[in-house]
Amino acid sequence: MKISIFGLGYVGAVSAGCLAFQGNNVIGVDPYKPKIDSINSGLTPIIEKDIGELIKDGVGSGRLRATTDVKDAISNTEISFICVGTPSQPNGGLDLQYVTNVCEQIGMALKDKNDFHVVVVRSTVLPGTMQSTVIPTLEKFSGKKSGKDFGVCNNPEFLRESTAVYDYFNPPKTVIGEMDDVSGDLLAAIYKDIDAPMIRTKIEVAELVKYTDNVWHALKIGFANEIGNISKELKIDGHEVMDIFCQDTKLNLSPYYLKPGFAFGGSCLPKDVRALTYKAKSLDLNLPIMNSILANNNYQIDRGISMVINGGGKKKIGILGFAFKAGTDDLRESPLVEVIERLLGKGYDIRLYDKNVSIASLVGANKDYILNQIPHIHRLMASGIDEVLDHAETLVLGTNDAEFTDLSSKIRPDQTIIDLVRINSLSNSGMYKGICW
């Protein structure tokens, strides 16, 4: 395939060398002449393991060259990668001047090109950048329409410095955000020999995936350091603790707990977060990440309550599921109990149903807690789902219990549904609102 790469810094140079090694004909574009001369001499402009050999091989075989001429690059290729920098501004926002400039140049070159051309943004850009900056700029300067006259994709990279060449050929995934199938197909063909999951999705999703990955990596490093700090003060080997932690791939290093939704509760998580952060304070340690966990959890509770309160003045509330999670009768620190009590304090008329809690109120281990600690909530419990549905102007789904997953035929068009657990079968029922979707 004939490919042009705009920006021959870290990502661009690695991409150019690797794409040429795969047998593509690659033209690198950069305004900095010494960088162009370096590549055309078979020399790498960056320090990175193995890339020097790939660039030398690509130039020597005639599959790789570099230029400052944008029109030359666009007219002689069918797909272009934008790999320019997106540095931080003083306020933390992204500086998009390099992205904007290169889109202007590509757009002007596309004006005189008759063949369909695909522009791929590989630079890390915030969600919405493609729609607000990249596409409008390309359209303005080309006089053409995206999706019709030229294609646009987002293709985030997952390269680590010092292992970038290895990461290019062995990525954890390949993500393509596309506007149309034609553009996506052309881009996907480049990666046909890469052994990694191919994920084709919306452009905005692809933009956010890269940030999600990097912030998660930063969070992991910070979390491990906080465990290491408290371990050191307790004269425990933090590496041994984290080595054992990482052996759990069922819960710790897995998709479990990594689905957006409502707050956590129960007898373990809140209590243990408090205990460890209290211990850290007693050791004069500051653990910002751990100290923020309960505050973050409380924010999600506040968010759920605000969704009910901002429901257009509806005062009759039905809640399905209010144990701390489905399949249990445990109400200890259930975030739904907090929601119920705060709504009661604001004068809302509430009906509740949770099969497991109903049974527990008669014979379960939580009987004393239900009847004596929260009797005001016990009195609001309905005998079945239909009683709650008949009462509710606003219906809150608090757990994803199996009996709540197919209520679409019973939902009235005038009912507002607030889903805290993502029951997909109800997303087209009533006036549906998900807490994180």
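Residue indices begin from 1 for each chain and proceed along its sequence in written order. The predicted origin of the model limits local features to residues at a pLDDT of at least 70 and limits the giving and counting of side-chain atom pairs to 80 or more, whereas totals for whole chains, interfaces and linings rest on all residues. Hydrogen atoms and water are omitted, and side-chain values are computed over all heavy atoms in the structure.

Looking up the protein in an unreviewed UniProt entry gives the name UDP-glucose 6-dehydrogenase, with the organism given as Pseudomaricurvus hydrocarbonicus. In its Pathway (unreviewed entry) section, the UniProt entry covering the protein states "Nucleotide-sugar biosynthesis; UDP-alpha-D-glucuronate biosynthesis; UDP-alpha-D-glucuronate from UDP-alpha-D-glucose: step 1/1." UniProt positions are given in the numbering used here, feature names are shortened, and annotations may be inferred rather than shown by experiment. The record in UniProt for the protein states the following under Sequence similarities (unreviewed entry): "Belongs to the UDP-glucose/GDP-mannose dehydrogenase family."

Once that is clear, we can look at the environment of glycine 304. Inspection of the secondary structure puts glycine 304 in helix α13 (residues 293-309). Taking the C-alpha atoms as reference, glycine 304 lies 54 Å from aspartate 69; in sequence the two are 235 residues apart. We call two residues in contact whenever any of their non-hydrogen atoms come within 4.5 Å of each other. Contacts of glycine 304, omitting those with residues within four sequence positions, involve Phe262 and Ile435. Here a helix means four or more residues in a row that DSSP labels H or I, a strand means two or more in a row labelled E, and each is numbered from the N terminus.

Nonpolar side chains in soluble globular proteins tend to be buried together. Nonpolar cores were defined as sets of buried Ala, Val, Leu, Ile, Met, Phe, Trp, Tyr and Cys residues, with membership established by side-chain atoms within 4.5 Å. Think of it in three bands: residues with accessible area under 20% of the maximum for their type are buried, residues over 50% are exposed, and the middle band is partly exposed, with areas taken using a 1.4 Å probe on protein chains only. Ile5, Leu19, Phe81, Leu187 and Ile190 are the most contacted members of the largest nonpolar core, which totals 36 residues. In terms of residues, this core owes the most to one element, helix α1 (residues 10-21), which gives 7 residues. Val308, Ile350, Val396 and Leu420 belong to the second largest nonpolar core, which has 29 residues in total.

It is worth spelling out empty space enclosed by the protein at this point. Gaps between atoms show up when a probe of the same size as a water molecule is rolled over them. Put plainly, a pocket is an open set of points on a 1 Å grid over the protein atoms alone with protein on both sides within 12 Å along at least five of seven lines, a cavity is a set where a 1.4 Å probe fits but cannot get out, and a lining residue has an atom within 4 Å of a point. Grid points are joined across faces, edges and corners, and a volume is the space filled by probe spheres set on the points. In this structure the tally under the stated criterion is 1 cavity of 30 Å³ or more. The computed volume of the largest cavity comes to approximately 110 Å³. Lining the largest cavity are 14 residues, with Arg122, Pro171, Lys173, Thr174 and Tyr191 sitting closest to its centre. Looking at the lining of the largest cavity, the elements that each hand over two or more residues are α7 (164-169) and β7 (174-178).

Below, the discussion takes up the UniProt feature "binding site: NAD(+)" (unreviewed entry) in the protein. UniProt records the feature "binding site: NAD(+)" (unreviewed entry) for Asp30, Lys35, Thr86, Thr124, Glu161, Lys271 and Arg332 in the present numbering. On the basis of their most widely separated C-alpha atoms, the annotated residues across 303 residues do not gather in one place, lying as much as 62.8 Å apart. The subset of the named residues that lines the second largest pocket consists of Asp30, Thr124 and Glu161. In this fold, aspartate 30 is placed in the loop between β2 (25-29) and α2 (33-40). Classification of aspartate 30 as buried rests on a relative accessible area of 8%. Ignoring sequence-local partners within four residues, the contact set of aspartate 30 consists of Gly7, Leu8, Lys35, Ile36, Thr67 and Thr68. Between N or O atoms, a polar contact is any pair within 3.5 Å; within protein, one atom must be a potential hydrogen donor and the other a potential acceptor, and residues adjacent in sequence are included only when both atoms are from side chains. A polar contact is formed between the side chain of aspartate 30 and the backbone nitrogen of leucine 8, at a distance of 2.9 Å. Given a relative accessible area of 62%, glutamate 161 falls into the exposed group.

To estimate how far a helix should extend, the number of its residues minus one is multiplied by 1.5 Å. With 15 residues, helix α5 (residues 97-111) ought to run about 21 Å at 1.5 Å a step, and its terminal C-alpha atoms sit 21 Å apart, in line with that. Every buried residue of α5 is accounted for by Val99, Val102, Cys103, Ile106, Gly107, Ala109 and Leu110. The buried residues of α5 occupy an angular sector of 160° when the element is viewed end-on, so they sit on one face. Buried-residue contacts for α5 involve β1 (2-6), α4 (70-75), β4 (79-82), β5 (117-121), α6 (129-142) and β6 (150-154). Relevant arc is that of directions from the helix axis to the C-beta atoms, nothing else.

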